[in-house]
Amino acid sequence: MLMDINTVLSALANPVRLDILSWLKEPERHFPQQKDTAPKGGICVSHIREKTGLSQPTISLYLSTLSRAGLVSSERVGQWTYYRYERDVVEAFLNELSQRL
């Protein structure tokens, strides 16, 4: 699995992005039930925006940063975009970090 540890560390350096990642790890605990057409484990970007209280452009930038780091993935269904926690990437990052430190 190709992962740039510095890109991941940079993505995690922002407290709101860290919160978003934490919420996406347990979506059923932090977000309302998603539509039946939503991908498994996916959370609509509008629900993420509502939970943070931040503007749409800011949330889009934060989610793009997390996505570039590989920590989340997105899937478009109709007009909605859903984000999902990428457990394998997070585990690989934690493993790599523990080997380096």
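First, a word on scope: everything that follows refers to the structure included in this document. (Residues numbered from 1 in each chain as written. Predicted model: local features only at pLDDT ≥ 70, side-chain atom pairs only at ≥ 80, totals over all residues. Heavy atoms only, no water.)

### Concerning the pairing of strand β2 (residues 72-77)
No. 1: Here β2 runs beside strand β3 (residues 80-85); their pairing, made up of 6 bridges, is antiparallel. The residue of β3 that forms the bridge with Glu75 is Tyr82.
No. 2: Hairpin geometry of β2 and β3 is characterised by an intervening segment of 2 residues between the two adjacent antiparallel strands and by a positive phi of about 65° at Gly78. (Pairing = 2+ DSSP bridges. Helix = DSSP H or I, 4+ residues; strand = E, 2+ residues; numbered from the N terminus.)

### Digging into the sheet that holds β2
No. 1: If you walk across this open sheet you meet the 3 strands as β1-β3-β2, and the pairing is antiparallel. The outermost strands of the open sheet, each flanked by one partner alone, are β1 (43-44) and β2.
No. 2: Bridge count between β1 and β3: 2 bridges; the pairing is antiparallel. Residue pairing in the sheet places Cys44 in a bridge with Tyr82 of β3.

### Points about the pattern of salt bridges
No. 1: What the rule picks out here adds up to 3 salt bridges.
No. 2: Salt-bridge contacts for Glu26 lead to Arg29; the nearest nitrogen and oxygen are separated by 3.0 Å.
No. 3: Judged by its relative accessible area of 59%, Arg29 is exposed.
No. 4: A salt bridge links Glu96 to Arg100, with the nearest nitrogen and oxygen atoms 2.9 Å apart. Highlighted residues: Glu96 and Arg100, both in helix α6 (residues 87-100), separated by 4 residues, approximately one helical turn.
No. 5: Look at Glu96 and you get partly exposed, because its relative accessible area is 27%. (Salt bridge = Lys/Arg side-chain N within 4 Å of Asp/Glu carboxyl O. Buried < 20%, exposed > 50% of the residue type's maximum accessible area, 1.4 Å probe, protein only.)

### Some remarks on the environment of Gly42
No. 1: Locating Gly42 in the fold gives a position in the loop between α3 (27-30) and β1.
No. 2: With near-sequence residues (within four places) excluded, Gly42 lies in contact with Gln34, Tyr82, Tyr83 and Arg84. (Contact = heavy atoms within 4.5 Å.)

### So, the nonpolar core
No. 1: Formed by 24 residues in total, the largest nonpolar core has its most connected members in Ile20, Leu24, Ile48, Leu63, Leu66, Leu71 and Tyr83.
No. 2: Apart from the residues within four sequence positions on either side, Leu24 is in contact with Phe31, Ile43, Ile48, Val72, Tyr83 and Tyr85. (Core = buried A, V, L, I, M, F, W, Y, C linked by side-chain atoms within 4.5 Å.)

### A closer look at helix α1 (residues 5-12)
No. 1: Those residues of α1 lying buried are Ile5, Val8, Ala11 and Leu12. Down the axis of α1, the smallest arc covering the buried residues is 125°, so these residues share one side.
No. 2: Looking at the packing, one finds that the buried side of α1 touches α2 (15-25), α5 (56-68) and α6.
No. 3: For α1, the capping residue at the N-terminal end is Asp4, with a side-chain oxygen 3.1 Å from the backbone nitrogen of Asn6. (Arc of directions from axis to C-beta. Polar contact = N/O pair within 3.5 Å; in protein donor to acceptor, adjacent residues only side chain to side chain.)

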